[in-house]
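So you can see what is in the structure, the chains are spelled out below.
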Amino acid sequence: MAQRRKNPETPGTPSGPQSSLNFEGAMNHATTPVFSLEEEESIVPGGPYVSSNLAIRFSYKLSKIFFIPLEFAVDSLLSMFIHTTSKEVQNKSIVWFLIKALLFLILLFVSIPLALFAFIIWCPLQLIRPRAFTYVCATSKPKSDTNYKRISSQEFHATSLNPPLATFATQNPNTYSLVTANICLMPEFVAHINNLCNSKQRGRKIADYFCGRQVQTATNTKHKSNQRGGDRFTETDCLFTPWSSENLNLGNGLNSCDSSITETGSITSTLWSISSKEQCVSDVFPGPSDFLCLQEVFDGQATNCLIEGLQTKYPHIIYDVSWPIHDRRLSILGSGLCVASRHPFIDAKFRAFPDGHRDDKLACKGLLMTKIFLGSTDTGEDLVGFVANTHLQAWSHSSASSVRCKQLNCISLWMEEFQRESKMRAKTSKEVTVFNIITGDFNFDRVSHYDSREQHCHFLNNFVDPCIDSSSGNQHSWVVGTELNQKMIHTDPVCTPQGLQRMLVSELERHQYVASTMAHKSTLTRNGDGKRRIDYILYKPCQDVQLGVKDFKFFTGLATMSDHIPVGMMFSCERVSS
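Predicted, not measured: the structure shown is a model, and the values here were computed from it.

K.L.:
What should I look at first to understand the packing of aromatic side chains in this one?
P.N.:
The geometry of an aromatic ring pair is captured by the separation of the ring centres together with the interplanar angle, meaning the angle of the planes. Tallied over the entire structure, the rule returns 25 aromatic pairs. Summarising the aromatic geometry, the rings of Phe285 and Phe555 are spaced 5.0 Å apart at their centres and angled 70° between planes, so their arrangement reads as edge-to-face. Of this pair, Phe285 sits in the loop between β3 (281-282) and β4 (291-297) while Phe555 sits in strand β14 (residues 545-555), and the two are 270 residues apart along the sequence. Here Phe555 falls in the buried class, since its relative accessible area comes to 1%. Aromatic side chains Phe442 and Phe459 sit 6.3 Å apart centroid to centroid with 35° between the ring planes, which places their arrangement in the tilted category.

K.L.:
When you look at a nonpolar patch on the surface in this model, what are you seeing that I'm missing?
P.N.:
Residues Ile94, Val95, Trp96, Leu98, Ile99, Leu102, Leu103, Ile106 and Val110 make up a contiguous nonpolar surface patch of roughly 900 Å² in combined accessible area. Inspection of the secondary structure puts Ile106 in helix α2 (residues 94-127).

K.L.:
Please clarify how the nonpolar core should be interpreted in this entry.
P.N.:
As a rule of thumb, soluble globular proteins bury nonpolar side chains together. Judged by nonpolar contacts, the single largest core of 55 residues is most densely connected at Phe435, Phe554 and Phe571. Of the residues forming this core, the biggest block, 5 residues, is contributed by β14. When near neighbours in sequence (up to four residues on either side) are disregarded, Phe571 contacts Asn174, Thr175, Tyr176, Ser177, Leu178, Phe435, Ile437, Leu547, Gly548, Val549 and Lys550.

K.L.:
Just checking my understanding: could you explain the sheet that holds strand β15 (residues 567-575) for this structure?
P.N.:
Two orientations exist for strands paired in a sheet by backbone hydrogen bonds: parallel and antiparallel. Read from one edge of the open sheet, 8 strands run β1-β5-β8-β4-β2-β15-β14-β3, paired in mixed fashion. Single-partner strands in this sheet number two, and they are β1 (134-137) and β3. Sheet topology note: the β14/β15 ladder contains 9 bridges and is antiparallel. Bridge assignment links Val549 to a residue of β15, and that residue is Phe571. Packed onto the sheet, helix α5 (residues 199-210) meets β2 (175-185), β4 and β14 and runs at close to 170° relative to β2.

K.L.:
Would you take a moment to explain the pattern of salt bridges for this structure?
P.N.:
Two side chains bearing opposite charge may form a pair once their charged atoms approach each other closely. As enumerated under the stated definition, the model contains 17 salt bridges in all. One salt bridge connects Glu454 with Arg404, and the closest N-O pair in it is separated by 2.6 Å. A residue pair is termed long-range when its members are at least 10 positions apart, and Glu454 in helix α9 (residues 452-455) and Arg404 in helix α8 (residues 398-425) qualify at 50 residues. Accessibility classification places Glu454 together with Arg404 in one group, the buried group. A salt bridge links Arg510 to Glu507, with the shortest nitrogen-to-oxygen separation between them at 2.9 Å. Each of Arg404, Asp445, Asp451, Glu454, Glu483 and Arg532 takes part in a single network of salt bridges with overlapping partners.

K.L.:
Got a minute to help me understand the environment of Pro130 in this structure?
P.N.:
Its place among the elements puts Pro130 in the loop between α2 and β1. Sequence-distant contacts of Pro130, defined by excluding residues within four places in its chain, comprise Pro48, Tyr49, Ser51, Ser52 and Trp323.

Parameters and conventions
Residues numbered from 1 in each chain as written. Predicted model: local features only at pLDDT ≥ 70, side-chain atom pairs only at ≥ 80, totals over all residues. Heavy atoms only, no water. Phe/Tyr/Trp six-rings, centres within 6.5 Å; stacked < 30°, edge-to-face > 60°. Helix = DSSP H or I, 4+ residues; strand = E, 2+ residues; numbered from the N terminus. Buried < 20%, exposed > 50% of the residue type's maximum accessible area, 1.4 Å probe, protein only. Patch = residues over 30% accessible without salt bridge, like charges linked within 9 Å, V, L, I, M, F, W, Y side chains within 5 Å. Areas by Shrake-Rupley, 256 points an atom, 1.4 Å probe, with all protein chains shown as cover. Salt bridge = Lys/Arg side-chain N within 4 Å of Asp/Glu carboxyl O. Core = buried A, V, L, I, M, F, W, Y, C linked by side-chain atoms within 4.5 Å. Contact = heavy atoms within 4.5 Å. Pairing = 2+ DSSP bridges. Axes fitted to C-alpha atoms, helices over the stretch in contact; angles between N-to-C directions.

Listed below in structure tokens is the structure:
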């Protein structure tokens, strides 16, 4: 557990009484107490073996290096025989194809002995693995397990609390934003199966996108004039504006919820004042969010490109999350989970799911739980938030459904256990939990009959889904699907953010490009609604804290870069009188 060093008085900062009804002033950038990493902390920047001796770290690094030739040969060889519909991937002559295949085949056989030696070193190390993740913060470097620098209080204050540009994180001290996305950064041949390619290049572009930098692609340039009429803005372009504290109540994006408070202290989703899809689906990403949760971050080189790009806007990142040997099985791939934050982590834990079905057993899917330090009140209370990220069992059939139900039950137990243990470790401070959120790719929707077992799991009764009408239990009319039809990703109508946005808001066309729901078993075909939403942001009401959803959006900026639609939520947290 990281220790929080209080700095009650900042020079040149006016002080005043703390309101008993909200956190006003508690998270002001000028008065937020500084967080520093102490020697006795549990989250030290570095890889899984950062706390081990030099010999173990060297052995682990050596085994990873010796695996690279075999991974490269297998990945390159298989990806040559799996074609995508992307126009960027064009095979050259058959002679060149055969030469490349032969070279990769030779490399494959040559690298097998090296990989076997690496496995002999790597496997025993997993039995003494100290922790399940790599953590980078501020000036630490993601490419090395040994070259990490602790962040000083001054460095944190300069890098984390004073962003250089206008960002997704608003200046309102009580308002936060969170984005979740399945970005499909897999080994190249697996990406080809999902009709995606160039994982390393996509990693750079995705990082640029989530940092608010403009992403230029050949597809965007080619279709700019066709989709947007050159430099002229169309009528629908005026509908999408960046999220900010200034436009929350102006009709730009979802209107603010009613301020009524339920018995649980949370605002229910029945209070949305509009139902227009045009205001919920945006081709504009306004900049870095406070928290970013990603799934399917698997490929090593692509991950390095992603993390290197994200570090420019997100000072704190947990990635490379895995526990390879667990529950009497070996997982070849990691969990693919990543959480990036503009606020420091003070606790983190990963639990691998004991159950899996078919090829999902190859990945170490599980639940990544983080505890985040948000600031302190004038009365000395530490404000903390919990953000969990997960990726459940894939496929839609009875066996997969049974596994997902077990995984949901595990999530409920593990989140409660993590919060209880984390609170016990914080003996020296009094904490107030501001929010408790779980996000991720759940691989089931809230409508289809074949997902009915998951829909009735007790887990969903404990969390609020902003996309569900609490009075009827149905999805709001403004909700769209987040699972794209992989075969159609690169087609002209949806290969740009603007084109994908226009398709998502179209009731007539959406079902051609987005997976649809199937409400009744007797129905021979799907509903054709394009509303299979499998990516979630759920929150659990906290005691004495009112969480109000200010905005909820589906972003289309990852067109041709992922087979999922990113989802974002802006929310406010205020203290309520007991």
